[in-house]
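Here are the chains, one letter per residue:
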Amino acid sequence: MTARPALLTYRDYAALPDDGRRYELHDGELSVTPAPSTRHQRILRDLSRMLDAHVRSHRLGEVLFAPLDVILSDTTVVQPDLVYIDAGRSGLVSERGIEGPPTLVVEILSPSTATLDRVTKPRLYARHRVPFLWLVDPDRRTVEAFTLGEAGYGEPVVASGSTPAALPPFPALALVPDALWP
């Protein structure tokens, strides 16, 4: 007989020590990842500035960045690198974090988290009905923008280079991917 690991809940997660590690719960299983690199943080800084300026100027909602709990269920708590909450979802923002699916989650790929960010987390985001997902790949210098459909995320719109791209959910934003790479 194989022993099943004990499933953790938000209550267990909230009781974890504040020791500088990045914890997440994926369907009740604890995930611990190392702190992001300086390259990762620079990309996050620049992308959050671009998105925040666009969202604020058009009064579209709010942009927040990690560390921030996105509580998708009692057993699924993630910390995407960046989240966008449109004005219609503003009620999801609480003192604990984002309680439900934000409009957009952004994951910046790192060598230590690439599989988690490309496989595990998109499945969780799709199951919990997060409408939009961006995967930012610093090695390939691309931004992949996914839109949720009935069967999960479809083929991405891929942006790269110096050509401005309008990525969902921001049709009026001219994002220049090359501006993200330090």
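Structure: see above.
What comes next is a walk through the structure. Since the structure is predicted, the reported quantities are computational estimates derived from the model, not experimental observations.

What counts and what doesn't
- Residues numbered from 1 in each chain as written.
- Predicted model: local features only at pLDDT ≥ 70, side-chain atom pairs only at ≥ 80, totals over all residues.
- Heavy atoms only, no water.
- Phe/Tyr/Trp six-rings, centres within 6.5 Å; stacked < 30°, edge-to-face > 60°.
- Helix = DSSP H or I, 4+ residues; strand = E, 2+ residues; numbered from the N terminus.
- Buried < 20%, exposed > 50% of the residue type's maximum accessible area, 1.4 Å probe, protein only.
- Lys NZ or Arg CZ within 6 Å of the ring centre and 35° of its normal.
- Core = buried A, V, L, I, M, F, W, Y, C linked by side-chain atoms within 4.5 Å.
- Contact = heavy atoms within 4.5 Å.

What follows deals with the packing of aromatic side chains. The description of an aromatic ring pair uses the distance of the two centres, along with the angle that the planes make with each other. All told, the structure shown has four aromatic pairs when counted by the stated rule. Each ring, one from Trp134 and one from Phe170, has its centre 6.1 Å from the other, and the planes form 85°; the classification is edge-to-face. Of the two residues, Trp134 sits in strand β9 (residues 132-137) while Phe170 sits in the segment after β12 (157-160), which places them 36 residues apart along the sequence. Taking the relative accessible area as the measure of exposure, Trp134 reaches 0% and is therefore buried. On the accessibility criterion, Phe170 (1% relative accessible area) is buried. With centroids separated by 6.2 Å and ring planes inclined at 65°, the aromatic side chains of Phe146 and Tyr153 adopt a geometry described as edge-to-face. Residue Phe146 is classed as buried on the basis of its relative accessible area of 12%. Judged by relative accessible area, which is 18%, Tyr153 ranks as buried. Three or more aromatic residues link up through ring pairs in this structure, and these residues are Tyr84, Trp134 and Phe170. Over the face of the ring belonging to Tyr10 we find Arg96, whose NZ or CZ atom lies 4.2 Å from the ring centre.

This part covers the nonpolar core. Counting residues in each nonpolar core, the largest one holds 24 residues, and the members touching the most others are Leu47, Leu51, Trp134, Val136, Leu167 and Phe170. Breaking this core down by element, the ones donating at least two residues are α2 (38-57), β6 (82-86), β8 (104-108), β9 and β10 (142-149). Once residues within four sequence positions are removed from consideration, Leu167 is found in contact with Trp134, Val143, Ala145, Val157, Ala159, Leu173 and Leu175. Counting residues in each nonpolar core, the second largest holds 19 residues, with Val78, Ile85, Ile98 and Phe146 among its members.

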